[in-house]
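Chain by chain, the residues:
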Amino acid sequence: WRGREGAPYSTLVPSDEVTINYRHGLPVITLMLPTRSERCQFTVKPVVTTVGAFLQDVQREDKGIERAEVFAIDGSKVSDATLMEVLLMNDFKLVINNRVYSVSPPVKDKLSSEHATEMEDIKSLVHRLFVALHVEDHQIRKERELLQKVDHLKGELLPLEQMKARIMDSADAKTSRLLWVGLALMSAQGGALAWLTWWVYSWDIMEPVTYFITYGSAMAFYAYFVLTKQDYIYPHAKDRQFLHYFHRKSKKQHFNVERYNKLKDDLAEAEESLRRLRQPLHLRLPIQEISDKD
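Residues numbered from 1 in each chain as written. Predicted model: local features only at pLDDT ≥ 70, side-chain atom pairs only at ≥ 80, totals over all residues. Heavy atoms only, no water.

Undergrad: Can you walk me through the environment of tyrosine 101 in this structure?
TA: Its place among the elements puts tyrosine 101 in strand S7 (residues 99–103). Residue classification places tyrosine 101 among the buried residues on the basis of a relative accessible area of 1%. One polar contact links the side chain of tyrosine 101 to the main-chain carbonyl oxygen of methionine 32, over a distance of 3.2 Å. (Helix = DSSP H or I, 4+ residues; strand = E, 2+ residues; numbered from the N terminus. Buried < 20%, exposed > 50% of the residue type's maximum accessible area, 1.4 Å probe, protein only. Polar contact = N/O pair within 3.5 Å; in protein donor to acceptor, adjacent residues only side chain to side chain.)

Undergrad: Can you walk me through the sheet that holds strand S3 (residues 26–33) in this structure?
TA: Adjacent strands of a sheet form backbone hydrogen bonds with each other and so pair up, either parallel or antiparallel. Ordered by their spatial adjacency, 3 strands build an open sheet running S2-S3-S4, and the pairing between neighbours is antiparallel. In this open sheet, the two edge strands, each paired with only one partner strand, are strand S2 (18–23) and strand S4 (38–43). For this sheet, the mean angle separating the axes of adjacent strands, direction not counted, is 25 degrees. Direction of pairing for S3 relative to S4: antiparallel, over a ladder of 6 bridges. By the bridge assignment, isoleucine 29 is partnered in S4 with phenylalanine 42. (Pairing = 2+ DSSP bridges. Axes fitted to C-alpha atoms, helices over the stretch in contact; angles between N-to-C directions.)

Undergrad: Looking at this structure, how should I read the side chain of glutamate 69?
TA: With respect to the helices, strands and loops of the structure, glutamate 69 is situated in strand S5 (residues 68–72). By relative accessible area, glutamate 69 is classed as buried at 9%. Polar contacts involving the side chain of glutamate 69 include one to the side chain of arginine 67, which spans 3.1 Å.

Undergrad: Help me out: how do you make sense of the UniProt feature "transmembrane region" (unreviewed entry) in the chain in this one?
TA: UniProt annotation of "transmembrane region" (unreviewed entry) refers to residues 178–197 and 209–227 when read in the numbering used here. Annotation note: span residues 178–197, helix share 100%, strand share 0%, distance between end C-alpha atoms 28 Å. Annotated as residues 209–227, this span is 100% helix and 0% strand, and its ends, taken at the C-alpha atoms, are 27 Å apart. (UniProt positions renumbered as here; feature names shortened; annotations may be inferred.)

Given below as structure tokens:
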């Protein structure tokens, strides 16, 4: 077998001189060191270790190694920047000094389910460590974005809140006046019926009149139910009249109720997100950051 420049190497060393086994999900390369004549194990991290780093580890273990290279089966040299994960996908030749080791990595598909599970556990652990190292900066940045959003929404809501307060005061005053007018009319009606019954006419004459007044009131209440699909309950009727005055006044003063409701919903959502973001049981924000923001 010849290298990339055609220089002959000695006869291939038996394949059992270099073995690869998986332990705890990581490949362990067992190699017979040429000058020390002893077997040495190298545990590599395939997703981060390169071929060059592996060869340097071998040379550090055996100071008598002057040359260490890796070739593919077709004789092409494998770059030192190649990851060990890529190298272990196929057979290759390991050249140390004048010895050529034929290496046949185990096929990943044939690994035991235990090894596969361990590898998945390692990947999951790496992911959790990455998240733990970066979550603090992310949460602080997110908190600042939410604080800016809350301040912006409050700035947009301030003039609308002031306008809404004036409209509500006006609608409440009109509703109260309407209630007092209703009470005055009912009092006047009762007084008129009493005067007609005892001073002008007798009860025999006024009884049919009161009956039709009562029947007319029942018809009015039924008409209210037909139009509003609600029973005539005084608090509900008051709220309905208040909303009527409120929306009519809003149109006159160009108060956008839909935009106001949308801003209120956005503000409530942003404040709820900020409250959840500051919960120490769910996040790892430093206490001083939370205190400064409060």
